[in-house]
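So you can see what is in the structure, the chains are spelled out below.
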Amino acid sequence: MYVIGLAFSFLSHGNLGGTRGWLLVIILFLGIFSTVEAYTGGDLPVRLGLAAASPTPPLVRGWAGIFADSQSLQANLDIIKARGYNGFRCMIYNSDLGRTPSIASIVNAVNVAKANGLWIILDHHAYTDSFDTDPHWDQVVAAVKDLYPQIIWQPQNEPAYSLPTLTTMYQNWINKVRAAGDTHWIVVSIDYQGYGAPGDSSFLSQFPQVTDPLNKIFYDFHDYYFYQYHPAWSVSDAQAYADNVPVAVNSLISGYGRPVLITETGADASGGGGWPPDTVVAGSAGYAPESLAYVSREISDLHAINTGYMLWTADDWTGTQGAGATGALNIWGQYLPLPTSSLNPPLTGSFNYQPSQIFPNTTVTFSATASNGNSPYTYSWVFGDGTTGTGKQTTHKFSTTGTYNVTLTLTDSAQAQSTTSQSVTVVQPPPPSGWIGVVTQNTSLFGVALVGLIAGLTLTMLIERKRRKNRLGPNNLL
């Protein structure tokens, strides 16, 4: 700033006038700019403030209905993992059964999820409880929020309140857990008191509009093909009804900009009413051909639009004939289309870098490539010199010579990871040959800097000499 002030002071006092004076200042500024640019290697001390992007939501697919204190927890997870699912929905309370697992069992369930590398949705399975003031939730959040990053909160299963009340309750719950330092994703469900089917005109208007400083909110709705509500009961009608689900998901995403995670759907055909005459297995883990056709089509549709879901219901509590320890997993669950992650080759990553010969403080560009897995991907870099980076393409400068182990960790939307490393060697530049070598060894920007400075100084001397000659005469020059 001092140099700029001198330049304008020089002009304002009439030392140089007109176009030539301004030309000198421009050349001087170019010289200074180029010198700073060359000295910093292109990294001028300028920072642009950019709005933080929304976090990439995890793509979670699995089974619901597993109690935190279930004796069959691992048996269920073994099947879930073997079929390519990557998560489960775990009940920390069930108002229908009056069952509340202990805090210790919930901590254990989270640790088991961590040991198995699965997402866990902690489900307060209720309808009319005041979840935003429930002390049990406070205890659960305090006990497990720092144990595992792959926790998803579900404050209420199917909340039945008026929309204004529900909106206030969700906002209170979000504010409370964020104030406690929590950073996990949260499921916000539709107002089930005013719920319409996915194809209804009122569907979108029943979702609470909340704010979250971390912008980590999933929208959720549950839907089934129940015999009592579908008099046209048939496989074709079931499939047509299932096709409404991806339409509803896309309308939510485009309308509100929120990702969707359907935390409950399945092949239960009764919905608390009568069972159809062609029922194969009755009970909450049972099905009919039509309800199985519905959920199979729905899952295929959700796979096509890359949306997560949970299937109801697994575990040993259902009382369904033949269900045993794993509920519907081994009744109708074995007939469903599986997630693509179980069929595709595993996620892999690789990277290259330029230039191939690296000197200290040279800008090196690293470029990553992801294969298989589930897009979108995130890219994390460790450069081996105590620094890190992110992004599919990133740049880095090594300050000293040596060999550095550069590691890329690639994570897909299903939280699968792949790690790859390369050794990068940084060497001293070759010695310059004379003054010209010193100049050409540096960046082109340094060359521009020298040209700008030399031109500015030369022009200054010529103009000043001419001024003095005009003022004093040719015989009075020193």
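Residues numbered from 1 in each chain as written. Predicted model: local features only at pLDDT ≥ 70, side-chain atom pairs only at ≥ 80, totals over all residues. Heavy atoms only, no water.

Caption draft 1: Fine view of the overall build of the protein chain. Summing up its helical and strand segments, the protein chain has 11 helices and 15 strands in all. Burial status across the protein chain gives 45% buried among its 478 residues. A sequence separation of at least 24 residues applies to 72% of the contacts in the protein chain between residues at least 6 apart. For the protein chain, the exposed area adds up to about 22,500 Å²; of that, 57% sits on carbon and sulfur atoms. (Helix = DSSP H or I, 4+ residues; strand = E, 2+ residues; numbered from the N terminus. Buried < 20%, exposed > 50% of the residue type's maximum accessible area, 1.4 Å probe, protein only. Contact = heavy atoms within 4.5 Å. Areas by Shrake-Rupley, 256 points an atom, 1.4 Å probe, with all protein chains shown as cover.)

Caption draft 2: A look at the sheet that holds strand β12 (residues 388-390). Overall, antiparallel pairing links the 4 strands, which are arranged β12-β11-β14-β15 in an open sheet. This sheet does not close on itself; its edge strands, each paired only once, are β12 and β15 (417-426). Recorded for the sheet is a direction-independent mean angle of 20 degrees between the axes of neighbouring strands. In this structure, strand β11 (residues 378-382) lies alongside β12, joined through 3 bridges in antiparallel fashion. (Pairing = 2+ DSSP bridges. Axes fitted to C-alpha atoms, helices over the stretch in contact; angles between N-to-C directions.)

Caption draft 3: Just helix α8 (residues 244-256), in detail. With 13 residues, α8 extends 18 Å between its outermost C-alpha atoms, agreeing within 8% with the 18 Å of an ideal straight helix rising 1.5 Å per residue. Looking at α8, one finds that the buried residues are Val245, Pro246, Ala248, Val249 and Leu252. Seen from one end, α8 has its buried residues packed into an arc of 160 degrees, which puts them on one side. Away from the buried face of α8 by more than 90 degrees, exposed residues Val247 and Ser254 are located. Elements in contact with the buried residues of α8: β6 (217-220), α7 (235-242), β7 (261-266) and α9 (289-304). With its phi angle positive at about 70 degrees, glycine 257 sits one or two positions after the end of α8. (Expected span 1.5 Å × (residues − 1). Arc of directions from axis to C-beta.)

Caption draft 4: Highlighting the packing of α8 against α9. Contact geometry of α8 with α9 gives a least axis separation of 8 Å together with a crossing angle of 35 degrees. Here α8 runs over α9; the crossing is right-handed. Between α8 and α9, the contacting residues are Val245, Pro246 and Val249 on the first element and Tyr294, Glu298, Asp301 and Leu302 on the second. Residues of the contact of α8 with α9, tallied by class, amount to 5 nonpolar, no polar and 2 charged. (Left-handed = near helix turned anticlockwise from the far one by under 90°. Nonpolar A, V, L, I, M, F, W, Y, C, P; charged D, E, K, R; others polar.)

Caption draft 5: Main features of the pairing of strand β5 (residues 185-189). Most of β5 sits inside the fold, with 5 of its 5 residues counted as buried. Judged by which residues are buried, β5 turns out to be covered on both faces: Trp185, Val187 and Ser189 on one side and Ile186 and Val188 on the other are all buried. Where strand β4 (residues 151-154) lies against β5, 2 bridges are found, and the strand directions are parallel. Residue pairing in the sheet places isoleucine 152 in a bridge with tryptophan 185 of β5.

Caption draft 6: How the structure looks around the packing of helix α4 (residues 103-116) against helix α5 (residues 135-144). For the pair α4 and α5, the least separation of the axes is 10 Å and the interaxial angle reads 40 degrees. Taken together, α4 and α5 sit at an angle that is classed as oblique. Judged by the twist between their axes, the crossing of α4 over α5 is right-handed. Packed against α4, whose contacting residues are Ile103, Ile106, Val107 and Val110, the element α5 presents His136, Gln139, Val140, Ala143 and Val144 at the interface. When grouped by side-chain class, the residues that make up the contact of α4 with α5 number 7 nonpolar, 2 polar and no charged. (Parallel < 35°, antiparallel > 145°, perpendicular 65-115°, else oblique.)

Caption draft 7: View of the side chain of histidine 136. Along the polypeptide, histidine 136 turns up in helix α5. Look at histidine 136 and you get buried, because its relative accessible area is 14%. Once residues lying within four places of it in the same chain are set aside, the contact partners of histidine 136 are Ile92, Thr100, Pro101, Ile103 and Ile106.

Caption draft 8: Examining helix α6 (residues 163-179) more closely. Taking 1.5 Å per residue, 17 residues should reach 24 Å; α6 reaches 24 Å between its end C-alpha atoms and fits that length. Among the structural elements, α5, β4, β5 and β6 are those in contact with the buried residues of α6. Glycine 181 occupies a position one or two residues after α6 and carries a positive phi of about 90 degrees.

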